[in-house]
Amino acid sequence: MNTQSNAMHESPLDSQPIAPAALSETRPMYWSTMYWSIRRELSENRSIYVAPLAVAVVALFGFSLSSIAGIWEQQLSLNPAHPQAPYEMSAGLMMLTGIVVSVFYCLDALHGERRDRSILFWKSLPVSDATTVLAKASIPLIILPLLTVAITIAMQWLMLLLSSAVVLVSGLSIATLWTKLSFLRMSWLLLYHVLTAHALWPAPVYCWLLLVSGWPRRATFLWAALPLLAIAGVEQIAFHTWHFATLVGSRLIGAAPAVSTSPDMFPTDPMTHIAPADFLSTPGLWIGLALAAAFLAAAVRLRRYQGPI
Amino acid sequence: MTVIEAHGLRKSFGPTIALDGVDLHIEEGRILGLIGPNGAGKTTALNAILGLTPYQGELRVLGRDPWTERDRLMRDVSFIADVAVLPRWARVSHLLDYVAGVHPRFDRAKAEGFLAKTTIHRASRVRELSKGMVTQLHLALVMAIDAKLLVLDEPTLGLDILFRKQFYDSLLNDYFDRNRTIIVATHQVEEIEHILTDVMFIDRGRVVFNRSMEDLESRYLEVMVRPEQAAAARALKPMDERQAIGGSILLFDLKLDGTDRRQLDGQNLDRQRLAALGDVRTPSIADLFVAVLTNKQAGPTQGAAR
């Protein structure tokens, strides 16, 4: 009531044009805020894109060395039975990098801004805790997977060009190489695999790490790991099993069941092997996502209470 | 328009009571100085106003509940919490981009204009700037926001006197107008005394003194009394007495419980009467602060009378 009457007392000339403008600006403003919050994360944590790029460069360097060596030693240049092997390996390396970067990022996500007191600056701006936490969660769940895929594909193209050059220099036809490697399909599979096995499936683990990063004054890693180790330890003592440890571990490394029916870890096999319907109907996926949402909600609430440490 | 309205604001950290029933009523267009000893509850009060800490009691800032609506409130409120809160990894240009991206009332051209008057480079990172430059940068960002309330908590801590003076000068000349309200919490009272319209003392979580500057100037007098007249002056019940070269300085409250004053000896205590005892002048806020706080701590009866 008070607010309304106060608003009435303000000069009507001022308040009238503001009201509709404020309403219409709400939606684009939200996305602008979200966009800039994510930009903030990327400039604060440059390892998000520097680390995958660095690994890709190293992998390319290694590949070019072995390819050049392959000019003289035929058997090295191409394994005709399994030409995609180096591509799979390098993709696997990129995914591993993604996991490592995500874990380190999440453990610092809500801790860094408290440690350097900049949380007082961030909180002085009209950005809600929910937007901030969602922007931070989007890094391991959306930004890093997409970035990993993009860098991996670019890297694989360069690898393909390199191989082609080597094959040409060796005087062989590149047709075999290009027909054996269905590149577009490989890229789609990679995108599918990364988004399912490395974003949706480990989401509860990343969100747990993010939540924990907002809690302790120091040693976020210990706080994140100890409860998990304790549960695993109790389970081992009580039931002599390792279900919980296996569960968390498989989530983290992206060993999702039913992503594909292929026995290979990296489904670069034909499209027929992938099984999105099976994956989406896994109860484990939905339980995990529900847990992830709960952890994020808790992190939003926690950030409201937190100040500098 | 009322900017801040609080009733019975309470906050405790375990056994420590930081705010013990604070009532506030702050109108638009004021510059309030919030003064108190270390640990008096200044920062806690400001944090409650800014939605940074939960509290008990009733609090409305610009008609909003700061704890549940912080992000909305921050469209109309700016604050500088401390000198060192700008992210050290950020470049000046990053910060301008970011604030322009998230704040609907940020005028980037204005901020660039303020920065042009300093030696801060757009490409510098915050960690490469000196303490004074970081404060200039933060002030430039904040002054470019068209906010209704600006809260400053020890904004000039650790800065040299030139920077401090410049800080408050630009605040007064380039920012303040009758539609804005500024709250400053600081220990360096003497430097902000001339810009304040209101002053509030906080001690042990309570507001112990709350006056406008006009009120303060018409009500409190300080008299430099020579030793031979000290006894006569003391009979008029000064609030406080301190020694100076060539005599003592006595502080009087002219209006303090008007009736009590007259009962003293049937005569009104006024400027003329005090002038007969020595040189009369308006006390500084710092002296008044010391007087109010030492009296309050001296005994509960005196405190209650006040």
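Residues numbered from 1 in each chain as written. Chains lettered and ligands numbered in written order. Predicted model: local features only at pLDDT ≥ 70, side-chain atom pairs only at ≥ 80, totals over all residues.

Thoughts on the confidence of the model for chain A
Residue and element names in this part refer to chain A.
Then step 1. Looking at chain A, the pLDDT average stands at 82 and 80% of residues meet or exceed 70.
Then step 2. Every residue in residues 1–24 scores below 50 in pLDDT, and together they form seven contacts with partners more than four places removed in sequence or on other chains.
Then step 3. In this model, residues 262–271 is a region of pLDDT below 50 whose contacts with residues beyond four sequence positions or in other chains number 20 contacts. (pLDDT = per-residue confidence, 0-100. Contact = placed C-beta atoms within 7 Å.)

Comments concerning the environment of Gln156(A)
Then step 1. One can find Gln156(A) in helix α8 (residues 129–169).
Then step 2. Sequence-wise, Gln156(A) and Ala232(A) are 76 residues apart; in three dimensions their C-alpha atoms are separated by 39 Å. (Helix = DSSP H or I, 4+ residues; strand = E, 2+ residues; numbered from the N terminus.)

So, helix α12 (residues 220–239) of chain A
It helps to recall that an α-helix has 3.6 residues per turn; residues three or four apart then point in one direction.
Residues and elements named next belong to chain A.
Then step 1. The end-to-end C-alpha separation of α12 is 29 Å, in line with the 28 Å expected for 20 residues at 1.5 Å each.
Then step 2. Of all the bends in α12, the largest measures some 25° and sits at Leu226, one to four residues before the proline Pro227.
Then step 3. Immediately beyond the C-terminal end of α12, within one or two residues, lies His240, with a positive phi of roughly 55°. (Expected span 1.5 Å × (residues − 1). Bend = angle between axes of the 7 residues up to and from the residue.)

Focus: the sheet that holds strand β4 (residues 56–61) of chain B
Residues and elements named next belong to chain B.
Then step 1. With antiparallel pairing, the three strands of this open sheet are ordered in space as β2-β1-β4. Here the strands that pair on one side only, and so sit at the sheet edges, are β2 (16–27) and β4. Averaged over all pairs of adjacent strands, the angle between their axes in this sheet comes to 15°, without regard to strand direction.
Then step 2. As paired elements, strand β1 (residues 2–13) and β2 share nine bridges and run antiparallel to each other. When the sheet's bridge partners are listed, Arg10 is paired in β2 with Asp20. (Pairing = 2+ DSSP bridges. Axes fitted to C-alpha atoms, helices over the stretch in contact; angles between N-to-C directions.)

Structural notes on the interface of chain B and chain A
Then step 1. Between chain B and chain A, the residue contacts involve 26 residues of the former and 25 residues of the latter.
Then step 2. Put simply, the parts of the chain that give the side of chain B that touches chain A at least two residues each are α2 (70–73), β5 (77–80) and α3 (92–102) of chain B.
Then step 3. At five residues, α3(B) tops the list of elements feeding residues into the side of chain B that touches chain A.
Then step 4. In terms of residue class, the side of chain B that touches chain A is built from 15 nonpolar, five polar and six charged. (Nonpolar A, V, L, I, M, F, W, Y, C, P; charged D, E, K, R; others polar.)

Observations regarding the environment of Leu195(A)
Then step 1. Mapped onto the elements, Leu195(A) comes out in helix α10 (residues 183–200).
Then step 2. Those residues in contact with Leu195(A), other than ones at most four positions away along the chain, are Pro145(A) and Leu200(A).

Some details on the nonpolar core
All names here are of chain B.
Then step 1. Core analysis: the biggest nonpolar cluster contains 95 residues, and Val61, Val77, Val151 and Met200 have the highest contact counts within it.
Then step 2. It is helix α5 (residues 131–143) that provides the largest number of residues to this core, a total of seven residues.
Then step 3. Taken domain by domain, this core gets at least three of its residues from each of domain 1 (2–204) and domain 2 (215–305).
Then step 4. Not counting the four nearest positions on each side in its chain, Met200 is found in contact with Leu32, Gly33, Leu34, Ile35, Val207, Phe209 and Asn210. (Core = buried A, V, L, I, M, F, W, Y, C linked by C-beta atoms within 7 Å. Buried ≥ 20, exposed ≤ 12 C-beta atoms within 10 Å, placed from the backbone. Domains from an automatic or database assignment.)

Points about the sheet that holds strand β10 (residues 220–225) of chain B
Residue and element names in this part refer to chain B.
Then step 1. Ordered by their spatial adjacency, four strands build an open sheet running β11-β12-β10-β13, and the pairing between neighbours is antiparallel. The strands lining the two open edges of the sheet, one partner per strand, are β11 (240–244) and β13 (278–281). Taking each pair of neighbouring strands and ignoring which way they run, the sheet shows an average axis angle of 25°.
Then step 2. Note: β11 against strand β12 (residues 247–253), five bridges, orientation antiparallel. Of the residues in β12, the one forming a bridge with Arg242 is Ile249.

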